[in-house]
Amino acid sequence: MELLGKNNLRRRALTLREQLDASYRAEADAAIFRVIAESAWYREAPIVLTYVSVDTEVDTRAIIARSLEAGKVVAVPRCVRGTKTMAWHRLASPDDVRPGFCGLDEPANDDATLLNPAQVPAAALALVPGLLFDDAGYRLGYGGGYYDRFLAEFLGISLGLVREQQRVDSLEALGACGALDIPVSWLATEEGLAAATIL
Ligand SMILES: Nc1nc2c(c(=O)[nH]1)N(C=O)[C@@H](CNc1ccc(C(=O)N[C@@H](CCC(=O)O)C(=O)O)cc1)CN2
Ligand SMILES: Nc1ncnc2c1ncn2[C@@H]1O[C@H](COP(=O)(O)OP(=O)(O)OP(=O)(O)O)[C@@H](O)[C@H]1O
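Basis of the calculations
- Residues numbered from 1 in each chain as written.
- Chains lettered and ligands numbered in written order.
- Predicted model: local features only at pLDDT ≥ 70, side-chain atom pairs only at ≥ 80, totals over all residues.
- Heavy atoms only, no water.
- Helix = DSSP H or I, 4+ residues; strand = E, 2+ residues; numbered from the N terminus.
- Rg over C-alpha atoms; globule rule 2.2 N^0.38 Å.
- Buried < 20%, exposed > 50% of the residue type's maximum accessible area, 1.4 Å probe, protein only.
- Contact = heavy atoms within 4.5 Å.
- Lys, Arg positive; Asp, Glu negative; His and termini not counted.
- Charge placed at Lys NZ, Arg CZ, Asp CG, Glu CD.
- Near = heavy atom within 4 Å.
- Polar contact = N/O pair within 3.5 Å; in protein donor to acceptor, adjacent residues only side chain to side chain.
- Areas by Shrake-Rupley, 256 points an atom, 1.4 Å probe, with all protein chains shown as cover.
- 1 Å grid on protein atoms, 1.4 Å probe; cavity = no way out; pocket = protein on both sides within 12 Å on 5 of 7 lines; lining within 4 Å.
- Sits in = over half its atoms within 2 Å of the grid points.
- Nonpolar A, V, L, I, M, F, W, Y, C, P; charged D, E, K, R; others polar.
- Points joined across faces, edges and corners; volume = space filled by probe spheres on them.

Participant: Account for the overall build of the chain, naming residues and giving values.
Facilitator: Along the backbone of the chain there are 5 helices and 12 strands. What you see for the chain is a C-alpha radius of gyration of 16 Å, in line with the 16 Å of a compact globule of 199 residues. Going through the 199 residues of the chain one by one, you find that 49% of them count as buried. Restricting to contacts in the chain with at least 6 residues of sequence separation, those with at least 24 account for 74%. Taking the 20 positively charged and 27 negatively charged side chains of the chain as two groups, their mean positions are separated by 4 Å.

Spelled out as structure tokens, the structure:
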């Protein structure tokens, strides 16, 4: 297998994602929404920590709306550039986000909605984005290391959201796995839930 390195693979994965058929994306995203909504982790989670999807990312807008309607706490990330960490803010409405860092939709920097990481229960569910995911749950992101830093501390269930066409066997075999990369525990795809395999 050709060793591409993370940055080359990132460019290719971004192109691949943008070239996915819009109707495939819509169908896959609707199926991923159902897979999440029906999972016991989601149903039992009092709090969902999710990215806010932009562009051709797997859609999370529907799950944000559904979770708020169901009375769950929904928290979304605001990137803190200096430390490359994410601050999580509770949303009162799906519309509580504005264009911010790097074209992402982000919550306001407001202490009143800031979530104290120590208060995140183990039953929390994190929905994790990625350009590619492999069978071990490793992900290729946009390259800030934001989610690696988050996952290193997070004690809840981490679920990678990925369309089947964005899965690869092994990022390590592609030369795109680093020592600090943290895998998610499970993947949600349009085919169902998949446990990350231990290599
Ligand atoms: N919707 C969504 N939100 C998300 C993520 C995501 O993948 N999707 N992230 C997933 O991790 C985090 C953001 N990760 C990012 C990592 C790098 C760059 C980026 O383009 N960096 C530029 C410039 C950096 C700068 O200006 O400081 C670069 O590296 O060249 C953007 C976002 C948090 N929020
Ligand atoms: N826990 C950590 N502590 C310090 N540095 C880290 C940590 N995790 C990742 N990094 C560094 O962050 C940089 C970006 O990591 P990587 O390329 O894995 O990002 P990514 O997972 O694709 O991006 P993102 O999480 O933002 O989507 C790397 O230089 C990596 O060494």
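Participant: I'd like a rundown of the environment of S185, residues and numbers included.
Facilitator: Mapped onto the elements of the fold, S185 is located in the loop between β10 (167-168) and β11 (186-189). Residue class for S185 comes out partly exposed when judged on its relative accessible area of 34%. Spatially, the C-alpha atom of S185 lies 5.5 Å from that of S158, the residues being 27 residues apart in sequence.

Participant: Just give me the short version of the site of ligand 2, but keep the residues and values in it.
Facilitator: Contacts to ligand 2 come from 14 residues, most closely from K6, R10, R139, G141 and G143. Interatomic distance of 3.0 Å between a backbone N/O atom of Y147 and an oxygen atom of ligand 2. In isolation ligand 2 offers 650 Å² of accessible surface; the protein chains occlude 71% of this area. More than half of the atoms belonging to ligand 2 lie within 2 Å of the grid points that define the largest pocket. Of all elements in the fold, only α1 (6-19) and α5 (146-153) reach the threshold of two or more residues within the shell around ligand 2. Tallying contributions element by element places α5 first for the shell around ligand 2, with 4 residues. Classifying every residue of the shell around ligand 2 by side-chain character gives 4 nonpolar, 4 polar and 6 charged.

Participant: Give me the layout of surface pockets: which residues, what numbers.
Facilitator: Approximately 600 Å³ is the volume attributed to the largest pocket. Looking at the largest pocket, it is lined by 29 residues, and the ones nearest its centre are R139, Y142, G144, Y146 and Y147. Its residues placed into classes, the lining of the largest pocket shows 14 nonpolar, 5 polar and 10 charged. Of the volumes computed, that of the second largest pocket is approximately 330 Å³. Contributing to the lining of the second largest pocket are 14 residues, with M86, W88, P117, F150 and E153 lying nearest its centre. Sorting the residues of the lining of the second largest pocket by element identifies β3 (85-90) and α5 as the ones contributing at least two each. Broken down by element, the lining of the second largest pocket gets its largest block of residues, 4 residues, from β3. Of the residues belonging to the lining of the second largest pocket, the class tally is 11 nonpolar, 1 polar and 2 charged.

Nothing here speaks to function; it is geometry throughout.
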